[in-house]
Amino acid sequence: MDRSRRAIHAGFRRRLRDRFPPARAGVPAVAWLVLLIGNFIAGCDSSDPEYFGTTVPQHGPEVLWLNNGGEAQWIDPGRCSDSNGGDVILNTFAGLVESHPKTLEPMPDVARDWDISADGKVYTFHLRETRWSDGVPVTAHDFEWSHKRLLAPALASKYAYIAYPLKNAEAYNMQALFLTGVDLATSLEDVRDLVAEVIPVERVDISHDPPGFCVFIGGDDDQRDALRKRAILQLNGRRLAGQSLTVRVADSTLVGVEALDASTLRFTLENSIPYFLHLLSFYSFMPVPRHVLDRLEDQGINPDLWTRPQHIVSNGAYTLKEWKFRQFMRFEKNPHYWNAANVRTPEVKAYLVESYNTSLNMYRAGEIDFPGGNLALPSEFMDHLQQFHDYRYDPYVAVYFFWFNTTRPPLDKLEVRQALSLAIDRTAIVKYIKRGGETPTADVVPQGLAGYPGLNSPLFDPERARQLLEAAGYPGGQGMPPITLIYNTSEGHKQIAEAAQQMWKDNLGIHVNIENQEWKVYLKSMETMDFQIARLGWIGDYPDPYTFLDLLLPKSGNNHSNWSDERFSELLREANQTIDQETRIARLLEAERYAMTQQPLMPLYVYTKTTLIKPYVRGVWGNYMDRHLWKYVWIDERWYDGVPSEPVVDSPPPLTPRY
């Protein structure tokens, strides 16, 4: 073996040693390494050499095995904000509508039909008869209570802002003041001026039903409780335009969601928006079993524990039966789900494996049927995996980026954030690290989403980056204070962090420390803003540019930049008050352009979804949100006897009709 070949093999062995788990107890390290190398290479020597690993199901046809990619932080629809928990919720709870498994077009689920008012602001849903998994009927009152719970200030949901399209939802969630007793013809400026005599005011909105003014309080968050009390004390009974004011804190009765009876639910929106039905298919709008939470509280049990297997009640296709921490979750078909007769697979076992190398080896051996949507394939093996028939590649509306904590020095300097962004060669990251067909981008909104043209921001300009760093006071990187980039445990995230670290060193002359954290520790760092730079990916929650831009709103629980700007917020409000779609898109584009001049985050690329799916798995169709409901998935039993001679026709189901 010549020297170059020895070097290549030595490098390969080092990569395996670094990336794969340590030796098992009782197995010598060298033997374990050989076993792992043999296991991976055996992908070429499967039941059929055209597939990666075994093509014979290792379980009966009534079971599906997959990987959920790690522990969920929450599987409570009102609290969840991560994709691990979101996938569980989407498969165990049923909303009013669901997304078609291929086209993502909204179609009926718990709602059998709906009516939309001529102005597009009022949606009335008519519910079908269905039950919770404990046999209790699901009613419109459950949906009303759940949506108001999502917005409740006490819950502090990170996703409360997603319900802000509902009338007065933001006012309730932000505990705005609600002023009544004054004619609505009174100018907003007069209302603002009066209240500003007592407390700082952020903005004033009109509420037509019920009539009144919603006054959003300015100032620091930790002072707002005191400011509310002061305002109520000093403004009640004050006169404005000859009328006497009544002041209270906005409550849930103002929110535009109401159960008219057990089977009829009405939403009233602030403005007509084109994506409302898509929004309702998102997991935050799934119902929560109030009767279970109430029962636990009556028994002296913390209601937050309602999602434990011994307590959980759901209304979707599956119900959780077993949860082994950091091992797996097991689900069984819910016989009370309204469409249980058409759920294809009775049982699902979801492993909680964070390592994509471990997940890949499990797939090869048939221990999982597909790696799920929360783990990528190992980029270092991508060229090898693409040759197999079970390799899948689909477009994906998701963006990978780095958050900047804009209040932490030296990232509080705009020029530093801009320099760090322009010093990254995004094309090189996509071409040499990811290798999955991703699109490099410096924009937060992917091009083409609902006709959105995108900004086409510069991808890489090291010369301009050096000029900006010098303007910030750090020529050639001299005097730059320490910076740390954190990422959650993953080889893929580590590779990107290391590449960024090297590019910043080469192009700016600065050293950035990198630090990996276990997922739950990482989420805590994000929530408490205990970082300078942090990686994250954002998957569109619905097919509209707003789903990416509202991430940067100050009220967004998923905004980890500490950046807040009223001009940006106002542009988004104007966009969603605009009926004409062309004008609306122009406003959204203006908002993104303004936000990216402030660089609160640094986009790197638009994802693609690359995965492996066993040839015997049916009912998984590519869609740009990578949303795959287990109830449609089934096992083609012909593969138990070898490779079938004729391919199965695997057409997606028809769009469920409204009736």
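These notes cover the structure that comes with them. Note that the coordinates shown come from a computational prediction; the quantities given were computed from them, not determined experimentally. The numbers attached to residues start from 1 for each chain and follow its sequence in the written order. In view of the model being predicted, local features appear only for residues whose pLDDT reaches at least 70, and side-chain atom pairs are presented and counted only at 80 or more, with totals across whole chains, interfaces and linings using the full set of residues. Only hydrogens and water are removed before side-chain values are computed, so all heavy atoms of the structure are retained for them.

### A look at the packing of aromatic side chains
The way to describe two aromatic rings as a pair is by their centre distance and the angle between their planes.
Piece 1. Ring geometry is summarised as follows: Phe, Tyr and Trp rings, the Trp one being its six-membered ring, pair when their centres sit within 6.5 Å, and such pairs are stacked at plane angles under 30 degrees, edge-to-face over 60 and tilted between the two. Following the criterion strictly, the structure yields 29 aromatic pairs and no others.
Piece 2. Where Tyr 159 meets Tyr 161, the ring centres are 5.7 Å apart and the plane angle is 25°; that geometry is what we call stacked.
Piece 3. The classification of residues rests on relative accessible area computed with a 1.4 Å probe and restricted to protein chains. Under 20% of the type maximum is buried, over 50% is exposed, and intermediate values are partly exposed. Using a relative accessible area of 2% as the deciding quantity, one classes Tyr 159 as buried.
Piece 4. Residue class for Tyr 161 comes out buried when judged on its relative accessible area of 5%.

### Considering helix 13 (residues 426-434)
Piece 1. Every buried residue of helix 13 is listed here: Arg 426, Ala 428, Ile 429, Val 430, Ile 433 and Lys 434.
Piece 2. On its buried face, helix 13 sits against helix 11 (382-385), helix 12 (414-422), strand 18 (439-440), helix 15 (491-508) and strand 22 (601-612).
Piece 3. Secondary structure follows DSSP: runs of H or I at least 4 residues long count as helices, runs of E at least 2 residues long count as strands, and numbering of each begins at the N terminus. Following helix 13 by one or two positions, Arg 435 has its phi on the positive side, about 60°. Pairs of residues are marked as contacts when any of their non-hydrogen atoms sit within 4.5 Å.

### Some thoughts on helix 7 (residues 224-235)
Piece 1. Helix length check: helix 7, at twelve residues, gives a terminal C-alpha distance of 16 Å against a target of 16 Å (1.5 Å per residue), a fit within 8%.
Piece 2. Every buried residue of helix 7 is listed here: Arg 224, Leu 227, Arg 228, Ala 231 and Leu 235. With its buried residues spanning 105° around the axis, helix 7 presents them on a single face. Seen from the buried face of helix 7, the exposed residues on the opposite side, beyond 90 degrees, are Ala 226, Lys 229 and Leu 233.
Piece 3. Where helix 7 is buried, its residues contact strand 6 (177-180), helix 6 (188-196), strand 7 (201-208), strand 8 (211-217) and strand 11 (246-249).
Piece 4. Looking one or two residues past helix 7, Gly 237 carries a phi angle of roughly 90°, positive in sign. A helix is expected to span 1.5 Å for every residue after the first. An arc is given here, and it is the one of the directions from the helix axis to the C-beta atoms.

### So, the pairing of strand 7
Piece 1. As paired strands, strand 7 and strand 8 are joined by seven bridges and run antiparallel to one another. Residue pairing for strand 8: Ile 206 is matched across the bridge by Phe 213.
Piece 2. Paired strands, in this sense, are two strands between which DSSP finds at least two bridges. Counting the residues that bridge the hairpin from strand 7 to strand 8 gives two residues.

### Quick word on the side chain of Ser 421
Piece 1. The residue Ser 421 is located in helix 12 in this model.
Piece 2. Excluding residues that lie within four positions of it along the chain, Ser 421 makes contacts with Arg 426, Gln 599 and Met 602.

### A closer look at the pattern of salt bridges
Piece 1. Each salt bridge in this description consists of a side-chain nitrogen of Lys or Arg and a carboxyl oxygen of Asp or Glu lying within 4 Å of one another. Taken as a whole and judged by the stated rule, the model has 31 salt bridges.
Piece 2. Across the salt bridge formed by Arg 149 and Asp 76, the nearest N and O atoms sit 2.6 Å from each other. Residue Arg 149 is found in helix 4 (residues 140-151), and its partner Asp 76 is found in the loop between strand 1 (63-67) and helix 3 (83-92); the two are separated by 73 residues along the sequence. Asp 76 carries the same exposure label as Arg 149, and that label is buried.
Piece 3. In this structure, the salt-bridge partner of Arg 228 is Asp 225, at a minimum N-O distance of 2.8 Å.

### Thoughts on the pairing of strand 4 (residues 111-116)
Piece 1. Pairing between strand 4 and strand 5 (residues 122-127): five bridges, direction antiparallel. When the bridges of strand 5 are listed, Ile 116 appears paired with Tyr 123.
Piece 2. Taken together, strand 4 and the strand that follows it, strand 5, pair antiparallel across an intervening segment of five residues, in which Gly 120 is found at a positive phi of about 75°.

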